[in-house]
Amino acid sequence: MNPYTIFADIVAGRAPASRVYEDDDVLAFMDIRPFTPGHLLVIPKIPARSLAELDPALGAKLFTVGQRLAAALRDSEVACDGVNLFLADGIAAGQEVFHVHLHVIPRTAGDGFGLRGRPTSPPRADLDYLANSIRAALNHG
Ligand code: AMP
């Protein structure tokens, strides 16, 4: 799959973007279809289609910049009483642009944004079973 998306064009300056933050590794800009006003995206400048392809050090940097942007949103003119950080990894998770990006979404009460889905209450044995499986995968990764 081609790793180049519209976000690579934005990084290169070939496509327009309302830039908010930039350094050698990371770029943050306004989402053109914001869930709420002030919705930002933070991306690595080097394209990675998925978390699996993303250098973990860059992933850490995305979060660090997202954290700073969350603070800036609260101090800006954006209506922001809370913030959601959200990252969709894979089609099943809702990813549409295959260049990893962290959504930084300012929140106010009743703004209509939310994740659908109902929490369940599985028995402890089920939690332990999956915990074992994930721990094993972690140890072999
Ligand atoms: P996702 O569903 O997590 O892949 O989100 C992709 C996001 O990229 C959506 O929120 C889009 O509105 C946003 N987006 C797509 N194209 C652009 C663009 N050219 N400039 C800014 N945001 C964009």
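Analysis parameters
Residues numbered from 1 in each chain as written. Predicted model: local features only at pLDDT ≥ 70, side-chain atom pairs only at ≥ 80, totals over all residues. Heavy atoms only, no water. Pairing = 2+ DSSP bridges. Helix = DSSP H or I, 4+ residues; strand = E, 2+ residues; numbered from the N terminus. Axes fitted to C-alpha atoms, helices over the stretch in contact; angles between N-to-C directions. Contact = heavy atoms within 4.5 Å. Core = buried A, V, L, I, M, F, W, Y, C linked by side-chain atoms within 4.5 Å. Buried < 20%, exposed > 50% of the residue type's maximum accessible area, 1.4 Å probe, protein only. Near = heavy atom within 4 Å. Polar contact = N/O pair within 3.5 Å; in protein donor to acceptor, adjacent residues only side chain to side chain. Areas by Shrake-Rupley, 256 points an atom, 1.4 Å probe, with all protein chains shown as cover. Nonpolar A, V, L, I, M, F, W, Y, C, P; charged D, E, K, R; others polar.

Colleague: Can you break down the sheet that holds strand S1 (residues 19-22) residue by residue, with the values?
Modeller: In spatial order, the strands read S1-S2-S3-S5-S4; together these five strands make up an open sheet with antiparallel pairing. Across the chains shown, the open sheet's two edge strands, defined by having one partner strand only, are S1 and strand S4 (82-86). The sheet shows a mean angle of 20 degrees between the axes of neighbouring strands, direction not considered. As judged from the three bridges shared by S1 and strand S2 (residues 26-30), these two strands associate in the antiparallel manner. Along S2, the bridge assignment pairs Glu22 with Leu27. Packed on one face of the sheet, helix H2 (residues 56-75) meets S1, S2, strand S3 (40-44), S4 and strand S5 (102-107) and runs near 155 degrees to S3.

Colleague: Can you explain the nonpolar core? Please cite residues and give values.
Modeller: Counting 15 residues, the largest nonpolar core has Val26, Val42, Leu54, Leu62, Leu69 and Val104 as the members making the most contacts within it. Among the elements of the structure, S2, S3, H2 and S5 are those that each provide at least two residues to this core. It is H2 that provides the largest number of residues to this core, a total of five residues. In this structure, Leu54 is in contact with Pro44, Ala48, Gly59, Leu62 and Val100, ignoring residues within four places of it in sequence. Formed by seven residues, the second largest nonpolar core is a distinct cluster that contains Ile10, Ala15, Leu27 and Phe29.

Colleague: Could you give an account of the site of the ligand, with specific residues and numbers?
Modeller: Surrounding the ligand, one finds 16 residues, the nearest of these being Asp31, Gly94, Glu96, His101 and His103. One of the side-chain N or O atoms of Asp31 is found 2.5 Å from an oxygen atom in the ligand. When isolated, the ligand has an accessible area of 510 Å², and the protein chains bury 87% of it. Looking at the shell around the ligand, the elements that each hand over two or more residues are helix H1 (6-12) and S2. The leading source of residues in the shell around the ligand is H1, at three residues. Residues of the shell around the ligand, tallied by class, amount to nine nonpolar, four polar and three charged.

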